Amino acid sequence: MLKRLRHTFFSQSLALAAGLTLLSGNLYAALPTAVAPSNAPKAGDWLTLIKGYAKDAGLVIGLVLAVVAFLWIAWITISKFNEARTGRAEWGEVGLTAVIAAGVMIFISYLLTEASKVI
């Protein structure tokens, strides 16, 4: 009984795979073309193409890390505000944290801008 069930499942899976393979030829025709990197090279220059994709990937990774840093700094500032509100910290500490957080955010933005120019 189990052997027959396995055989039936195998034959149905094989038929489904064959049907999907025959139908997938039309699916490839609808795929969009790949987007060129921000500094698109001339046709056939593969090394410059890879370098362009690496640059774009580096910028995206840098932006993601900057967003994480901004969220972390915002979390620290909000938690310091909450501590001052409950009386566990002074309001001067909140102001100092906010000023330092703003300075760090400006510095991160500057580094991102310089990195996008250099890469």
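Computed from a predicted structure; not experimentally measured.

## Remarks on the side chain of Thr97
Along the chain, Thr97 turns up in helix α3 (residues 91-118). When residues no more than four places from it in sequence are discounted, the contact partners of Thr97 are Ile76, Thr77 and Lys80.

## Regarding the pattern of salt bridges
Going through the model one piece at a time under the given rule, you end up with 3 salt bridges. The shortest N-O distance in the salt bridge between Lys80 and Glu93 comes to 3.3 Å. Placement of the pair is Lys80 in helix α2 (residues 46-86) and Glu93 in helix α3, with a sequence separation of 13 residues. Note that Glu114 is salt-bridged to Lys117, the shortest N-O span being 3.8 Å. You can see Glu114 and its partner Lys117 sitting in helix α3, 3 residues apart, about one turn around the helix. Relative accessible area serves as the criterion here: at 28%, Glu114 is assigned to the partly exposed category. Lys117 gets classed as exposed once you look at its relative accessible area, which sits at 59%.

## Looking at the UniProt feature "transmembrane region" (unreviewed entry) in the protein chain
UniProt records the feature "transmembrane region" (unreviewed entry) for residues 57-78 and 90-112 in the present numbering. As annotated, residues 57-78 comprises 100% helix and 0% strand, and the C-alpha atoms at either end are separated by 32 Å. Note that residues 90-112 is 96% helix and 0% strand, and that its end C-alpha atoms are spaced 33 Å apart.

## Observations regarding the nonpolar core
In this structure, Ala66, Ala69, Ile73, Ala101 and Ile108 together form the largest nonpolar core, which totals 5 residues. If you list the elements that add at least two residues to this core, you get α2 and α3. It is α2 that provides the largest number of residues to this core, a total of 3 residues. The residues contacting Ala66, other than those within four sequence positions of it, are Ile108 and Leu112.

## Notes on α3
Helix length check: α3, at 28 residues, gives a terminal C-alpha distance of 41 Å against a target of 40 Å (1.5 Å per residue), a fit within 8%. For α3, the set of buried residues is Val94, Thr97, Ala101 and Ile108.

## Topic: the packing of aromatic side chains
Across all of its chains, the model carries 1 aromatic pair by this definition. Note on Phe81 and Trp91: the rings are 5.4 Å apart at their centroids and 65 degrees apart in plane angle, and the pair reads as edge-to-face. Here Phe81, found in helix α2, pairs with Trp91, found in helix α3; they are 10 residues apart in sequence, far enough to count as distant.

What counts, and at which threshold
Residues numbered from 1 in each chain as written. Predicted model: local features only at pLDDT ≥ 70, side-chain atom pairs only at ≥ 80, totals over all residues. Heavy atoms only, no water. Helix = DSSP H or I, 4+ residues; strand = E, 2+ residues; numbered from the N terminus. Contact = heavy atoms within 4.5 Å. Salt bridge = Lys/Arg side-chain N within 4 Å of Asp/Glu carboxyl O. Buried < 20%, exposed > 50% of the residue type's maximum accessible area, 1.4 Å probe, protein only. UniProt positions renumbered as here; feature names shortened; annotations may be inferred. Core = buried A, V, L, I, M, F, W, Y, C linked by side-chain atoms within 4.5 Å. Expected span 1.5 Å × (residues − 1). Phe/Tyr/Trp six-rings, centres within 6.5 Å; stacked < 30°, edge-to-face > 60°.

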